[in-house]
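If you want the building blocks of each chain, they are given just below.
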Number of protein chains: 2
Amino acid sequence: MKKFWSVLLLALAIMPPAVALETPPPPGPPPTVTYPTPVERTLTNGLRVIAIQRTGVPLISAQLIVKSGSEADPAALPGVASLTADVLTQGTATRSATEIAQATDALGAQLTADAGFDSSRVRVNATAPRFAAAFEIFADVVRRPVFAPEEVERARTQALSSLQLTYSNPSSLAPLVAERAVYGDAPYGHPADGTPKSVSTIARAQLQQFHQTYYRPDNAVLLIGGDIAPEAAFALAERVFGDWQKPATALPAPQASPVTAPTARVVVIDQPEAGRTAIVVSRIGIERADPSYFAGIVSNAVLSGYSGRLNSEVRIKRGLSYGASASLEARREPGPFTAGTLVDHTRAAEGAQVMLATIASLAAQPVGAGELKPRKAVVTGGFARSLETIDGLVAQVGRLALYGLPLEDINRYIPSTEAVSPEQIQQFATAHLKDNLSLVLVGNAKLFLPQLQKQFPALEVIPFAKLDLGQANLGRTAKVADK
Amino acid sequence: MKKFWSVLLLALAIMPPAVALETPPPPGPPPTVTYPTPVERTLTNGLRVIAIQRTGVPLISAQLIVKSGSEADPAALPGVASLTADVLTQGTATRSATEIAQATDALGAQLTADAGFDSSRVRVNATAPRFAAAFEIFADVVRRPVFAPEEVERARTQALSSLQLTYSNPSSLAPLVAERAVYGDAPYGHPADGTPKSVSTIARAQLQQFHQTYYRPDNAVLLIGGDIAPEAAFALAERVFGDWQKPATALPAPQASPVTAPTARVVVIDQPEAGRTAIVVSRIGIERADPSYFAGIVSNAVLSGYSGRLNSEVRIKRGLSYGASASLEARREPGPFTAGTLVDHTRAAEGAQVMLATIASLAAQPVGAGELKPRKAVVTGGFARSLETIDGLVAQVGRLALYGLPLEDINRYIPSTEAVSPEQIQQFATAHLKDNLSLVLVGNAKLFLPQLQKQFPALEVIPFAKLDLGQANLGRTAKVADK
């Protein structure tokens, strides 16, 4: 979500509103390319290993995907998966945090870990001759982290400081509020990075427990890609991970998110000191394995980007904002569709109205070919760029593996995008982007509330000081707007 | 310079100080790879065109390097080259800023421009089938920008806002102060992004003049790389840039920087509200074509990075800081060596002493093989990663072209790094990192000045409010330390 906003702001902050528009040039045919077919093998301990060879650059990248992430956080303690990943690389049974950093540095390697919804990920990247040595450190970190108390405290301090930044910025806060508003008590509802209260509370033992419970060979996928032959990758995986035992205990069943259409909510977080008002329209979307996935991402592209409908309506036609964009995050269970912008407080009600109407426009009639072709070009161009690095290729294949999709789909992404018809988009929009859109505004409420309430008499107002993202009611204490 | 600090902070902020250190594992052999040999042709208008074919990913990237950048700013108006690049993509004789953004967006392309010392750069990146259309827009922007008054104002507002951030952060301000302290009135002395005063003053006519004077085919190199055959790249270049006329006027002679060893200065910027004190040690280094370039970058690597001597001394052994690092920026004329860290105000004098002593240590005796091998691994690993994308490959070849080096050097970088001997490092350090190191501190001076003055009685103190990076004396009004 942070990425969504930063990309939006980077892309649009330098662009001026304007009125006269000409038809952009036709985009030409989509790129054609065949990416290397991933090959796979499963170790006797249950670890699925996927190798992707690409020569030309002497780099190798590995990623271990643990198929449990923030959705597996204890309900009362959001942030456990994220903190577990933060501390994972900071010391093992045989290496201190400093030793790990020095050893990877000496190899010219990069070693990182993070967590999000649906997965926790550890990555290592090194030049080919030094990869095997870096891979040993990577495996040590995956298998034998110690979660030293002082490292937990350091990670906690940094996480709290990062949350402070998130909360002080309406553009980063509003999507978190929207996710809670839309998902309620379901696992995707809580913030993956936790709340100030939960992060202050999480103990070392909970990180150890998360690691013991979920970081196990039968709940993971290991990807090795780049300048290495598949057989060599499998041999390395066997040597370094072959004796990784799975625990005797069974893997906990995943907590499912609700897949039913949500009830729309309108939530205002009153933050009088905010510079502008962030507006987010959100709704539960689709799961990654949904057959309408490509219709979904093309629908999202029609709304999003510089020439997308949201930016055209909000910025170019009305000069309401520096930009507006949208994202459709397909997950194991249906993930969120989120559209956002940032406007002057006094124009927030107008901005919300335009956002809602623009999203609804997709269901009203089929998208014209002249609009559709360039929007598909944005999708295929972004996809091609995302596969340019070994890290990017491994990450894309990893997402297919995480969501149980055929690995050959790496070569079907562009044709599947191109095949989406105007009718499919209209169907998708009718099913997923028409009704029950929730609305969240974070800003100086007194400057837009009277106008907004005319349109949404049942809206909820929560003072920023009372906001609690740890709870499905967002910390609201009164039943009616308590402004 | 911003990149230097952000990389430093990102890389080191999460790492803890510690005491016990073991020898890191041996890094293994360096990567071997042969990058595609660039081929070149010069158009009749004098434009040098370089093509670099790399298949496997359906992307093509072009970069036009204008061989004049911030060093060519009018002496009284730093920031002209940078603002010229900022506004370049914001409208041409036939396309408004919005039309340019919409057209590149519709092609799934990316179009950017920036300037720094020695060059101004325009880049475009698109999937192969859409590249030719994107390349037309790129050429339009290079050749026919209009610098519309409202776009100039917008760029000015954004540049001023960015400068405000730079000035409020000791870590971003201190390197700018150091460059001015070290270079004085020479072209590399002024900040490339200008000063609040100069950016407020620069007029549209000066941007037009910078463009007319320096953006011309006989002062530029065009690179086209990626999934395109060299002949096709040359044909495209000829078609789109072949009729680009060079002006009748001669190209102005470049202003040279001094290459004589500078006199060391110790400058304190008193910023009482700063959270911590930034310490920068700086000196004029070497030019890119200097035969000791590789000895220089390996010397810098011995000092820099997690296991580098600076971080080991400042952070790991003494816990003075979250990290310390260094950079050696080789340019057309000798560029700056810069080493920096951020410490508590009360330990600033100690921090400065440790930084200076650590840098001086390189000249005292040869670096041991056990230390040298991993430091070279950091350099070769970073180089391999930098060439992973088409953009990165084009940029590396572009730097060779800019500095008049053989393009085949792309394949000599790793062996040249590996060939550097301990004796060469000692020689480099004796010549370039021993004497005449200037020192800049930005922080709450009253907390460290008495201690620092014992060591450096002749230091200059400048209150933050009086700091003027537009002047070689940095805005200092009194001849002696005014405190």
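Each value, and the rule that gives it
- Residues numbered from 1 in each chain as written.
- Chains lettered and ligands numbered in written order.
- Predicted model: local features only at pLDDT ≥ 70, side-chain atom pairs only at ≥ 80, totals over all residues.
- Heavy atoms only, no water.
- Helix = DSSP H or I, 4+ residues; strand = E, 2+ residues; numbered from the N terminus.
- Rg over C-alpha atoms; globule rule 2.2 N^0.38 Å.
- Buried < 20%, exposed > 50% of the residue type's maximum accessible area, 1.4 Å probe, protein only.
- Lys, Arg positive; Asp, Glu negative; His and termini not counted.
- Charge placed at Lys NZ, Arg CZ, Asp CG, Glu CD.
- Contact = heavy atoms within 4.5 Å.
- Pairing = 2+ DSSP bridges.
- Axes fitted to C-alpha atoms, helices over the stretch in contact; angles between N-to-C directions.
- Expected span 1.5 Å × (residues − 1).
- UniProt positions renumbered as here; feature names shortened; annotations may be inferred.
- Parallel < 35°, antiparallel > 145°, perpendicular 65-115°, else oblique.
- Left-handed = near helix turned anticlockwise from the far one by under 90°.
- Nonpolar A, V, L, I, M, F, W, Y, C, P; charged D, E, K, R; others polar.

Under the annotation held in an unreviewed UniProt entry, chain A carries the name Peptidase M16 domain-containing protein and is attributed to Gloeobacter kilaueensis.

> Please set out the overall build of chain A residue by residue, giving values where relevant.
Tallying secondary structure elements over chain A gives 17 helices and twelve strands in all. Rg of the C-alpha trace for chain A: 23 Å, near the compact-globule value of 23 Å for 483 residues, within the 12% margin. Looking at the 483 residues of chain A, the share that counts as buried comes to 60%. Of the side-chain charges in chain A, 44 are positive and 42 negative, and the distance between the mean point of each set is 4 Å.

> Talk me through the environment of Leu160(A); I want residue IDs and the actual numbers.
Residues and elements named next belong to chain A. With respect to the helices and strands, the residue leucine 160 is situated in helix α5 (residues 149–168). Among the residues examined, leucine 160 registers a relative accessible area of 27% and is labelled partly exposed. Taking the C-alpha atoms as reference points, leucine 160 and serine 198, 38 residues apart in sequence, are found 9.9 Å from one another. Setting aside chain neighbours within four positions, we find leucine 160 in contact with Pro196, Val199 and Ser200.

> Before we move on, could you go through the sheet that holds strand β10 (residues 336–343) of chain B and cite the residues and values that matter?
All names here are of chain B. Strand order in the open sheet formed by six strands is β9-β10-β8-β11-β7-β12, and the pairing between neighbours is mixed. Across the chains shown, the open sheet's two edge strands, defined by having one partner strand only, are β9 (321–328) and β12 (460–463). Each strand of the sheet is rotated relative to its neighbour by a mean of 15 degrees, with strand direction disregarded. Here six bridges tie β9 to β10, and the two strands are oriented antiparallel to one another. Residue pairing in the sheet places alanine 324 in a bridge with threonine 341 of β10. Helix α12 (residues 348–364) contacts β8 (277–284), β9, β10 and β11 (438–443) of the sheet and is inclined by roughly 30 degrees relative to β8.

> Can you break down helix α12 (residues 348–364) of chain A residue by residue, with the values?
An ideal rise of 1.5 Å per residue puts 24 Å on 17 residues; α12(A) measures up with 24 Å between its terminal C-alpha atoms. Considered for burial, the residues of α12(A) that qualify are Ala348(A), Ala349(A), Gly351(A), Ala352(A), Val354(A), Met355(A), Leu356(A), Thr358(A), Ile359(A), Leu362(A) and Ala363(A).

> Describe in detail the sheet that holds strand β3 (residues 59–66) of chain A, supporting the description with residues and values.
The strand order across the open sheet formed by six strands is β1-β2-β6-β3-β5-β4 (chain A), and the pairing between neighbours is mixed. The two strands at the open ends of the sheet, each matched to only one other strand, are β1 (39–42) and β4 (110–116) of chain A. The sheet shows a mean angle of 15 degrees between the axes of neighbouring strands, taken without regard to direction. Two elements, β3(A) and strand β6 (residues 220–226) of chain A, share seven bridges in a ladder whose sense is antiparallel. The partner of Ile60(A) across the bridge, within β6(A), is Gly226(A). Strands in contact with helix α4 (residues 128–143) of chain A are β3, β4, β5 (119–127) and β6 of chain A; relative to β5(A), the strand with the most contacts, it is inclined by about 155 degrees. Contacting β3, β4 and β5 of chain A, helix α13 (residues 369–386) of chain B runs over the sheet at an angle of about 110 degrees to β5(A).

> Summarise the UniProt feature "domain: Peptidase M16 N-terminal" (unreviewed entry) in chain A; cite the residues concerned and give the values.
UniProt records the feature "domain: Peptidase M16 N-terminal" (unreviewed entry) for residues 50–188 of chain A in the present numbering. End C-alpha atoms of residues 50–188 of chain A are separated by 28 Å, and the span's content is 50% helix alongside 20% strand.

> Any chance you could break down the packing of helix α4 (residues 128–143) of chain B against helix α9 (residues 230–241) of chain B for me, citing the residues and the numbers?
Residue and element names in this part refer to chain B. Axis separation between α4 and α9 bottoms out at 10 Å; the angle between their running directions is 40 degrees. As summarised for this structure, α4 and α9 are arranged oblique, according to the angle between their axes. As α4 runs across α9, the sense of the crossing is right-handed. Contacts between α4 and α9 involve Phe131, Ala132, Phe135, Glu136, Phe138, Ala139, Val142 and Arg143 on the former and, on the latter, Leu236, Ala237, Arg239, Val240 and Phe241. For the contact of α4 with α9, the class distribution of residues is ten nonpolar, no polar and three charged.

> Can you break down unusual backbone geometry residue by residue, with the values?
Residues and elements named next belong to chain A. Positive phi outside glycine occurs at phenylalanine 147, with the angle close to 50 degrees. Within the element layout of this structure, phenylalanine 147 appears in the loop between α4 and α5. A positive phi angle, near 60 degrees, is found at asparagine 436, a position not held by glycine. Turning to its location among the elements, asparagine 436 is positioned in the loop between α16 (422–432) and β11 (438–443). Using a relative accessible area of 30% as the deciding quantity, one classes asparagine 436 as partly exposed.

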